[in-house]
Amino acid sequence: MKLTLKVWRQKNNNSKGQFESYQVEASEHMSFLEMLDVLNEDLISNKKDPVAFEHDCREGICGACSMVINGQPHGPMKGTTTCQLHMRSFNDGDTIYIEPFRAQAFPVLKDLMVNRDAFDRIIQAGGYISVNTGGTPDGNAIPVEKDQSTLAMDAAECIGCGACVAACPNASAMLFTSAKVSHLALLPQGEVERQKRVLGMMKQHDEEGFGRCSNVTACEAECPKEISITNIARLNREYLSASIGSEKMA
Amino acid sequence: MKLDGKVPPGNLAEKWVKYKSSMPLVAPNNKRRIEVIVVGTGLAGASAAATMGELGYKVKCFSFHDSPRRAHSIAAQGGINAAKNYQNDGDSIYRLFYDTIKGGDYRSRESNVHRLSEVSVNIIDQAVAQGVPFAREYGGTLSNRSFGGVQVKRTFYARGQTGQQLLLGAYQALERQISLGTVEMFNRHEMLDLVTIDGKARGIIARNMLTGELERHAAHCVILATGGYGNVFYLSTNAMGSNVTAGWRVVKKGALMANPCYTQIHPTCIPVSGEYQSKLTLMSESLRNDGRVWVPAKKEDAVAIREGRKKGVDIAEADRDYYLERRYPAFGNLVPRDVASRAAKVECDKGHGIVATGHGVYLDFADAIQRYGSSAAHSLGLHNPNKAKITELGEAAVKERYGNLFAMYEKITGEDPYKNPMKIYPAVHYTMGGIWVDYNLETNIPGLFALGECNFSDHGANRLGASALMQGLADGYFVIPYTVGTFLSNEIRTPKFDPDAKEFKDAENDVRDRLQGLMDIKGNQSVESFHRRLGKIMWEYCGMSRNAEGLTKAMKMIRELREEFYKDVFIPGTRDELNPELEKAARVADFLEMGELMCKDALDRNESCGGHFREEYRTPEGEAKRDDENYTYVAAWEWTDTNQDPILHKEDLVFENVELKTRSYK
Ligand SMILES: Cc1cc2nc3c(=O)[nH]c(=O)nc-3n(C[C@H](O)[C@H](O)[C@H](O)COP(=O)(O)OP(=O)(O)OC[C@H]3O[C@@H](n4cnc5c(N)ncnc54)[C@H](O)[C@@H]3O)c2cc1C
Ligand code: SF4
Ligand code: FES
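Participant: Can you walk me through the overall build of chain B in this structure?
Facilitator: Of regular secondary structure, chain B possesses 18 helices and 19 strands. Considering only C-alpha atoms, chain B reaches an extent of 80 × 60 × 50 Å along its principal axes. Within chain B, the proportion of its 666 residues that are buried is 67%. For chain B, the share of sequence-separated contacts (at least 6 apart) that also reach a separation of at least 24 residues comes to 74%. Split by element, the accessible area of chain B, about 22,400 Å² in all, is 49% carbon and sulfur. Here chain B holds 86 positive side-chain charges and 87 negative ones, and the gap between their average locations is 3 Å.

Next comes the structure, spelled out in structure tokens:
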């Protein structure tokens, strides 16, 4: 199949970027990133600078790949990362627009690469259970109800890619944040720090410049792991009760 | 050089406990002054850095990823072993130890493997406490499944994302230490050299991948947890960035590379479909709990399938050859990986392969769907359910167990694995070989330690499924925090090292020259094209089966390829900017040397064991034939010069507890 690509090229964070047009010959069995590999091999053979994009596992789990394809983070296929998207989702002769995830808190590094350190800082603000190594009780000493554990796992599947932010008109990272808050709040092990966690993470979320959720639900639609928006509802409840709790304490 | 494994005295079951309680310690006030560098944030590195931070050391942690959470460990699917015996099916620490020694084809150190089995139980407790959402039973207890090469259920899992969940647990522990200021994190920093002072490891040279700047980092000791080198084969199940550079650089500084030829070829991966392919995708071993492996018994059926005239479902039951069940009735589809992979190759070489290239076999869930479906119908109290209902219930049950793997398969191949058997073929997956370490996980360079997949320590010539996660976390959480004391307790009076010292500046200049040298070649071929060609040589001659003639030829071909690389590689851009092509070039340059050493090691080992199958050494039934008389040793290679032969050092393996037997899964 013959494709026209309009790719966002930007040398670094200080320079202005623009779309460049490329022709590429691909096969429908290729993954989207393999199609970009073909483009890059071609650019390199013409001694040109290849398109920089993030990728590592290429199986939808590391969360590295991050691009907006025809206006959609991770492209047109539901529940699929860019690396798992295959060219059979496109047609011969298509023009495809490829851009980086755009958000104030995700500055562009080069071409399609952005800086997502803000996510690590949200986790640092409480996205954990404070146990040191050793001295923990036997694994079966803490029974966890199966359905509850399933819900926790559903939330824990978040790969930290940032598509939710890119999809949201407010550039909110509340789906990401709520996934971690939910994962830990749903488990008995997470109970002790429940209030402190949600307050800390939301404070950091706001400080990073992510917007608040206004129920647009684009995040859920674009999330490659189909993290449910009910997690945001849970986050809001947790946040509210923690805020009241902390007022009482004060 | 005499290699001393530093195995403590005493009987096997008590060694670690006794050693641990008599080990020199570093007092808390001294820990605060001691700096430790950890390179890598996979399971091994993240768990080590977090734990060392908790203990009070000043930790600097490095990763070439943009976040510790993206390390390759994130991709592990199937599970993690532990000798908990929660299923009451006869498991024990000894049995896990024995299975691992046997699975490794008697080429690992007894003492290390026993320690691994002992601490395996602590890992599960730790992960649960961190909130890792392992699969559960209705009663709320932890659930287990079986993996290859064992007859008990001891594998803990979190759907098909066990590595992700365990890594997130370790990552969160690490982020907590970062927030507390005990660990300083350097993302997007690639270690390009080790710095030694007076023979001891005292720091690294790292390249800031965003700016291209070279940085000098000093510490009292250096811990590598940099993962495996499977990508020397170009196509593997490893993440694209996985590489050998950190390991290879320390070898060039005098560390030894042990058993480099021991590579694991995983039997169940999605087959290669075209030249453009950049990586291969694993279908977790857990699928062999329920999937049955087969090829058409008649060659003409295989040909018809390859030509698209027939499909797997068209082949009558009687015309299918479930060759693992036929050849290995005791373990059936759950034979170890090396055995399953070779068996697939045998069938395909005979002409029974079922994909266009000829390299593919079926992994079929039709029976499992019916079995689960009937059982679900029964528990729902449905009498005389029809086949459609059973299939529906069965598919739901299979989905609950393996849903994400089935979805992944469908995304890649465009075929529905609930309706058609999966097509699979072996692919490079894991490297048992790695940096030589003693019982303390210390290399022969004092102060340099190696953990996780980058060392050679626990899996012998073949790793059992679900044991890499166990080893990475054992090393990081429960071994290195203790054993590092054997070195650091003598360093409490050593002042901080100055990163402006001559040794650091020299090392930095070497790295700069090396990178500039690569930039200056300005040839015509891409880095990728060299990597792909190296991979082909490795797969052809040093892959699933090897022979002396092929290995000799491969070494020559690799040397020629290396020469061509240094004459004709082209790297766009400059050295002092974000430049992914330069990063790749430096890694491929190291693979081009490592590959040759792997062939050399394979050629030197005149026996077949585990993943190392030499065609000249096999039993009449075609099974691997070990030579315990002459090869019961670890081959640890010392690098001298690119143009000279490496020097072999042997560490004899002494088996005091296990009797060496021919491995049989029949
Ligand atoms: C697809 C797949 C599925 C698997 N499934 C299982 C399973 O179910 N069970 C199981 O037990 N095992 C499994 N394995 C094996 C297991 O995942 C790995 O062996 C294990 O995760 C390796 O962990 P590690 O910490 O040693 O290294 P890695 O996770 O590879 O981490 C390496 C780290 O080192 C860093 N690094 C490397 N070089 C440098 C450098 N030069 N400078 C700076 N940083 C560097 C990287 O950034 C990274 O942080 C699987 C492997 C694959 C490929
Ligand atoms: S919630 Fe979904 S879109 Fe957002 S970071 Fe997690 S996986 Fe990505
Ligand atoms: S490359 Fe890892 S999720 Fe896409």
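Participant: How should I be thinking about the overall build of chain A in this particular structure?
Facilitator: Each helix and strand counted, chain A has eight helices and seven strands in total. Projected onto the principal axes, the alpha-carbon positions of chain A cover approximately 65 × 40 × 35 Å. Taking the contacts inside chain A whose residues are at least 6 apart along the sequence as the reference set, 70% of them involve residues at least 24 apart. In the form shown here, chain A has an accessible surface area of approximately 9,900 Å², with 50% of it arising from carbon and sulfur atoms. Across chain A, the 25 positively charged side chains and the 32 negatively charged ones have centroids separated by 4 Å.

Participant: Just to check I follow, could you spell out the site of ligand 1 for this structure?
Facilitator: Residue and element names in this part refer to chain B. By nearness alone, 38 residues border ligand 1, and His65, Ser73, Gly78, Met191 and Glu453 come closest of all. Separating an oxygen atom of ligand 1 from a backbone N or O atom of Gly78 is a distance of 2.7 Å. In this structure, a nitrogen atom belonging to ligand 1 sits 2.9 Å away from a main-chain N or O atom of Gly79. Judged by the fraction of its atoms near the pocket grid, ligand 1 is located in the largest cavity. For the shell around ligand 1, the elements supplying multiple residues, two or more each, are α3 (43-55), β6 (189-197), β15 (422-431) and α13 (468-488).

What counts and how
Residues numbered from 1 in each chain as written. Chains lettered and ligands numbered in written order. Predicted model: local features only at pLDDT ≥ 70, side-chain atom pairs only at ≥ 80, totals over all residues. Heavy atoms only, no water. Helix = DSSP H or I, 4+ residues; strand = E, 2+ residues; numbered from the N terminus. Buried < 20%, exposed > 50% of the residue type's maximum accessible area, 1.4 Å probe, protein only. Contact = heavy atoms within 4.5 Å. Areas by Shrake-Rupley, 256 points an atom, 1.4 Å probe, with all protein chains shown as cover. Lys, Arg positive; Asp, Glu negative; His and termini not counted. Charge placed at Lys NZ, Arg CZ, Asp CG, Glu CD. Near = heavy atom within 4 Å. Polar contact = N/O pair within 3.5 Å; in protein donor to acceptor, adjacent residues only side chain to side chain. 1 Å grid on protein atoms, 1.4 Å probe; cavity = no way out; pocket = protein on both sides within 12 Å on 5 of 7 lines; lining within 4 Å. Sits in = over half its atoms within 2 Å of the grid points.

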